[in-house]
Amino acid sequence: MTYKVALRQADEGYSVSCPGLPGCWSQGATEQEALENIQDAIREYLAAAAELNPDAEIREVSVPL
């Protein structure tokens, strides 16, 4: 799956969030580290969501731009 992320540079490094997954964010000392960390955060977010809804059927939809 592909998710859009918002990357922001700060004095301490980079913060990154996933607007499509409220509350899913991470950070890193470098841009690359922040992007690797948000990938882990997204995986963990989706795993937790699946545990909270074990009976839900997961599907993917495409939205043309």
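Described below are features of the structure shown in this document. (Residues numbered from 1 in each chain as written. Predicted model: local features only at pLDDT ≥ 70, side-chain atom pairs only at ≥ 80, totals over all residues. Heavy atoms only, no water.)

Remarks on the pattern of salt bridges
So, step 1. For the coordinates displayed, the defined rule picks out two salt bridges.
So, step 2. A salt bridge links Arg 43 to Asp 40, with the shortest nitrogen-to-oxygen separation between them at 2.9 Å. Pair noted here: Arg 43 and Asp 40 are both in helix α1 (residues 31-52), with a separation of three residues, about one helical turn.
So, step 3. Note on Arg 43: relative accessible area 51%, which makes it exposed.
So, step 4. As a salt-bridge pair, Arg 59 and Glu 57 come within 3.0 Å of each other at their nearest N and O atoms. (Salt bridge = Lys/Arg side-chain N within 4 Å of Asp/Glu carboxyl O. Helix = DSSP H or I, 4+ residues; strand = E, 2+ residues; numbered from the N terminus. Buried < 20%, exposed > 50% of the residue type's maximum accessible area, 1.4 Å probe, protein only.)

Looking at the sheet that holds strand β3 (residues 25-28)
So, step 1. Ordered in space as β1-β2-β3, the three strands form an open sheet in which the pairing is antiparallel. The two strands at the open ends of the sheet, each matched to only one other strand, are β1 (6-10) and β3. Across the sheet, the axes of successive neighbouring strands diverge by a mean angle of 20°, strand direction being ignored.
So, step 2. Where β1 lies against strand β2 (residues 13-17), five bridges are found, and the strand directions are antiparallel. The residue bridging Ala 10 from the neighbouring strand is Gly 13, located in β2.
So, step 3. Sheet contacts for α1: β1, β2 and β3; angle to β3, the most-contacted strand, approximately 150°. (Pairing = 2+ DSSP bridges. Axes fitted to C-alpha atoms, helices over the stretch in contact; angles between N-to-C directions. Contact = heavy atoms within 4.5 Å.)

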